[in-house]
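# Chain and residue survey
As a plain string of letters, each chain reads:
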Amino acid sequence: MPNIFKAGDIMIGGIFPIFNKQENVIASFERKMPRANCKGFDLRAFRWIQVMMFAIDEINQDEFLLPNISLGYKIMDSCASPTNALHAALTLASEQKGDDSTTQCHLPLTALVAESGSSQSLAVAGMLGPFRVPMVSYFSTCACLSDRKKYPSFFRTIPSDYYQAKALAAIVKLYGWTWIGALQSDNDYGRNGISAFTKEVEKMGVCIAFVGTILRTYPQSKILEVVELIKQSTVKVILAFVPEGDLHPLMIEVVAQNITGIQWIASEAWVTAARPSTPEMFKSFGGTVGFVVRKMAMPKLGPFLKNISPYSNSQSAFIGDFWEIMVGCRPCLKCALQSANVTHNSQDCTGEEKLNFTDKFFDVTQVRVTYNVYQAVYAIAHALHELLFCKMDTNYVLRQCLNVSQITPKMVSHHLQRVNFVDGYGENVFFDENGDPPASYEVINWQLRDGEVQHVAVGYFSTSTDGTYKLTIKEDDIHWNTGNTIPKAVCSDTCPSGTRKAQIKGQPVCCFDCIPCADGAADCILCPEEYWSNEKRDTCVMKITEFLSYTETMGIILTALSLFGAILTLAIMIVFIRFRETPIVKANNSELSSLLLLSLLLCFLCPLTFIGEPTVWSCMLRHTAFGVTFALCISCVLGKTIVVVTAFRATLPGNNMAGKFGPVQQRIIVFSCTAIQVVICILWLKINPPFPNKVLKYNNKKIILECNTGSDAGFYAVLGYIGLLSAICLVLAFLARKLPDNFNEAKFISFSMLIFCAVWVTFIPAYISSPGKYTVAVEIFAILSSAFGLLLSIFVPKCYIILIKPERNTKKHMMGKCQKAIH
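The shown structure was predicted, so the numbers you read here are calculated from the model rather than taken from an experiment.

Procedures and definitions
Residues numbered from 1 in each chain as written. Predicted model: local features only at pLDDT ≥ 70, side-chain atom pairs only at ≥ 80, totals over all residues. Heavy atoms only, no water. Disulfide = S-S within 2.5 Å. Helix = DSSP H or I, 4+ residues; strand = E, 2+ residues; numbered from the N terminus. Buried < 20%, exposed > 50% of the residue type's maximum accessible area, 1.4 Å probe, protein only. Salt bridge = Lys/Arg side-chain N within 4 Å of Asp/Glu carboxyl O. Pairing = 2+ DSSP bridges. Axes fitted to C-alpha atoms, helices over the stretch in contact; angles between N-to-C directions. Contact = heavy atoms within 4.5 Å. Core = buried A, V, L, I, M, F, W, Y, C linked by side-chain atoms within 4.5 Å.

What follows is about the state of the cysteines. As used here, a disulfide is simply a covalent bond connecting the sulfur atoms of two cysteines. Enumeration according to the criterion identifies nine disulfides in this entry. The disulfide bridge from C619 ends at C707, spanning 1.9 Å between sulfur atoms. The sign of the -80° torsion about the S-S bond sets the C619-C707 disulfide as left-handed. In this pair, C619 is assigned in helix 17 (residues 616-650) and C707 in strand 29 (residues 702-708), connecting sequence segments 88 residues apart. Taking relative accessible area as the criterion, C619 reaches 0% and is therefore assigned buried. Among the cysteines around C636, which has no disulfide bond, C633 carries the closest sulfur, lying 6.8 Å off. Here C636 falls in the buried class, since its relative accessible area comes to 0%.

Moving on: the pattern of salt bridges. Inspection of the entire model under this criterion finds 16 salt bridges. One salt bridge in this structure joins E552 and K773, with 2.7 Å as the shortest N-O distance. Of the two residues, E552 is situated in the loop between strand 27 (544-546) and helix 14 (553-578) and K773 in helix 22 (residues 773-794); the sequence distance between them amounts to 221 residues. By sharing partners, the salt bridges in this structure join K166, E200 and K203 into a single network.

A few words on the sheet that holds strand 12 (residues 263-266). The pairing of strands in a sheet comes from backbone hydrogen bonds and takes either a parallel or an antiparallel form. If you walk across this open sheet you meet the eight strands as 10-9-11-12-13-18-19-20, and the pairing is mixed. Of all strands in the sheet, those bounded by a partner on one side alone are strand 10 (207-214) and strand 20 (469-473). The mean inter-strand angle of the sheet, taken between neighbouring strand axes irrespective of direction, is 25°. Note: strand 12 against strand 13 (residues 289-293), two bridges, orientation parallel. Bridge pairing in strand 13 links A266 to G290. The sheet strands contacting helix 5 (residues 188-202) are strand 9 (179-185), strand 10 and strand 11 (237-241), and the helix crosses strand 9 at an angle near 155°. On the sheet, helix 6 (residues 220-232) packs against strand 9, strand 10, strand 11 and strand 12 and is oriented at approximately 160° with respect to strand 10.

Grouped together as the largest cluster of nonpolar side chains are 110 residues, with contacts concentrated most on F16 and M52. Looking at this core element by element, the count peaks at 14 residues for helix 12 (residues 369-388). For F16, the contacting residues outside a window of four places in its chain are A45, W48, I49, M52, I75, M76, D77, S78, V113, E115, Y138 and V373. Residues F576, L596, V637 and A787 belong to the second largest nonpolar core, which totals 66 residues.

Printed below as a string of structure tokens:
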């Protein structure tokens with residue numbers, strides 16, 4: 001296998017993907033495997049080789065680091081293939097000998113600088129791990145490599161994807177992207193990276209619309225399938241966790257099909273790669289953002305790179321391929337030795353060609369992975385130094401306490417875990433318990449400046465020892481694919497205020513419909529008890545307070561009827577006072593009639609206490625006033641009924657009932673019957689009085705203000721007692737129904753009592769079933785109906801005679817039919 005070799009006291013191996021693609025080889029056990037045919041010379045990887053050689057030369061010239069000990073190297077190509085990487089590692093790990101021109105033997109491999117791809121590193125680390133051969137990677141980021149049980153001697157100078165996944169998730173969260181696509185390479189790097197990223201973003205409610213898989217060795221048909229997947233999807237943000245070599249074929253096809261308007265998020269493996277960073281690619285990939293490790297300026301490396309020449313270093317492999325890429329022709333001096341990938345169609349150089357030092361290959365002002373290689377070599381050197389020079393003499397001069405021949409890979413691995421030094425550029429180099437360096441990234445943004453794609457740093461991501469992290473971005477400096485507008489990446493827009501998400505069957509959680517929140521909930525949060533949602537259901541508003549007021553139509557009508565009844569009662573009272581000396585007034589017991597009219601007046605005024613906002617006093621007054629006034633009213637009617645019956649019986653021979661039932665007895669009946677109701681009301685108010693209450697059960701949008709009876713027993717006791725008095729009156733009046741027509745007031749009382757009882761019998765079910773203010777209206781209606789029934793039935797006929805038929809208002813007329821009936 002082609003390699004770059006330099007002899008030394010201690011040998012360090014190196015494996016780099018100098019060519020980034022291996023042509024497919026059909027394996028067979030019938031014949032020897034042919035040599036791998038690799039293509040696609042990678043300038044980045046070639047520069048990594050150069051920095052390894054530069055670092056070893058620098059160490060060999062250092063008087064304080066490994067003094068009097070020289071480092072040698074043997075560097076091989078992996079073709080970005082795990083198989084070739086493993087082959088190279090096995091070759092390096094075996095006993096090494098010099099070239100044919102020397103007979104000097106060298107020690108076996110003590111450490112290895114490898115590899116860029118995670119899949120290649122997994123293969124090599126898995127093979128070297130049991131032998132504790134230390135391996136330091138400069139570009140393998142798979143978090144799986146941090147497993148110390150599987151890979152006990154693996155180290156790296158680039159942060160693990162564990163942190164990159166957190167960084168990528170942080171930027172997705174920062175900009176509210178919840179619907180994104182993902183591309184992964186079909187290897188450990190891509191699969192593990194997307195898996196770690198998915199775990200992070202799923203905690204944030206982000207959905208991965210699709211995961212496309214690509215690889216540099218895939219046929220074009222598979223690349224087209226992924227491109228079609230991108231075209232058919234609705235995502236506007238895509239994360240590509242893919243090495244540059246695997247992504248490049250897809251990028252070419254995306255540009256060819258003019259797919260634009262997508263914001264790309266890049267992993268560190270391709271965001272700063274030179275090959276895709278062209279104005280042609282920028283049409284589709286402009287504005288790409290991604291994370292990379294910190295950059296470093298290495299001015300001393302510049303002259304070393306500019307001295308590369310096939311004529312001055314003809315024994316080095318890969319120089320011919322580098323020269324062909326940079327100059328455009330192949331040097332013919334010892335072509336077979338110079339080229340690892342001979343092409344017969346190449347033009348031969350004249351020997352006068354010069355390198356273009358303005359090429360990015362020679363730009364050492366902001367190197368990243370190149371600096372990782374440099375640190376990896378120095379970390380191995382410091383581990384060897386600590387291993388070999390472990391004692392000081394009396395003059396405080398380091399003394400070598402171990403021979404080079406005694407070095408074992410396990411010793412180097414042990415000391416590599418403990419290295420902690422500051423390199424020549426001021427960076428502190430050390431490894432944690434998993435062999436990882438501290439995590440720190442720059443946020444890179446692709447911008448087009450002066451016709452060239454620039455990788456502009458627009459922020460940084462750093463972690464701390466306590467596990468927290470910080471993402472800082474200069475948002476004004478970012479140029480998005482969409483211009484200055486931050487890309488929008490959602491499957492469904494955020495539900496507006498007053499609506500909630502409704503999952504669409506068969507779709508991810510990020511895809512949903514928005515449906516209105518339930519009644520009584522603002523932004524789908526239940527409103528407090530006395531509040532209700534507005535029409536948009538985005539705010540809780542105070543519920544409408546409802547009670548029977550004087551200003552509404554029903555209140556006005558009931559008030560008018562109440563006042564009309566009171567005025568009518570007063571008018572009848574005036575008529576009775578004015579005609580108190582007439583026979584009909586005298587015959588109807590003017591004292592009881594006046595008391596009955598007074599009680600009816602109070603009954604008509606009683607409904608006014610039911611109208612208006614309930615208060616503590618109005619609630620107690622309305623029920624007690626109603627009970628007492630109606631008890632007085634019915635007591636008076638009862639007294640009149642008894643008077644009528646006894647007056648008729650007194651006209652019969654031998655009957656002395658009229659003498660036993662005089663005015664005193666009438667007053668006692670009225671007083672005692674009313675007093676019982678007064679006692680009931682006092683007990684009611686004392687034990688559990690009525691009180692104002694806010695009722696919410698009748699209407700969700702209203703608060704019904706009503707008077708709670710306090711004690712249902714007290715309320716129904718008041719009604720029951722009035723009903724008892726009414727029933728007695730009705731029975732007595734019914735017994736006296738056959739009295740003479742001219743003297744028969746009992747008929748009017750019977751009729752009035754029938755109306756009264758009918759009203760209050762129908763009142764109870766109507767009262768119970770009526771909600772809110774209509775309960776009060778039903779009670780008022782019952783009061784007014786029964787009062788009007790009594791007033792009209794008992795007093796209107798008499799007023800008719802007094803005012804309209806005065807000729808019938810005579811004693812003779814009053815007694816006429818009565819005497820006829822007696823005879």
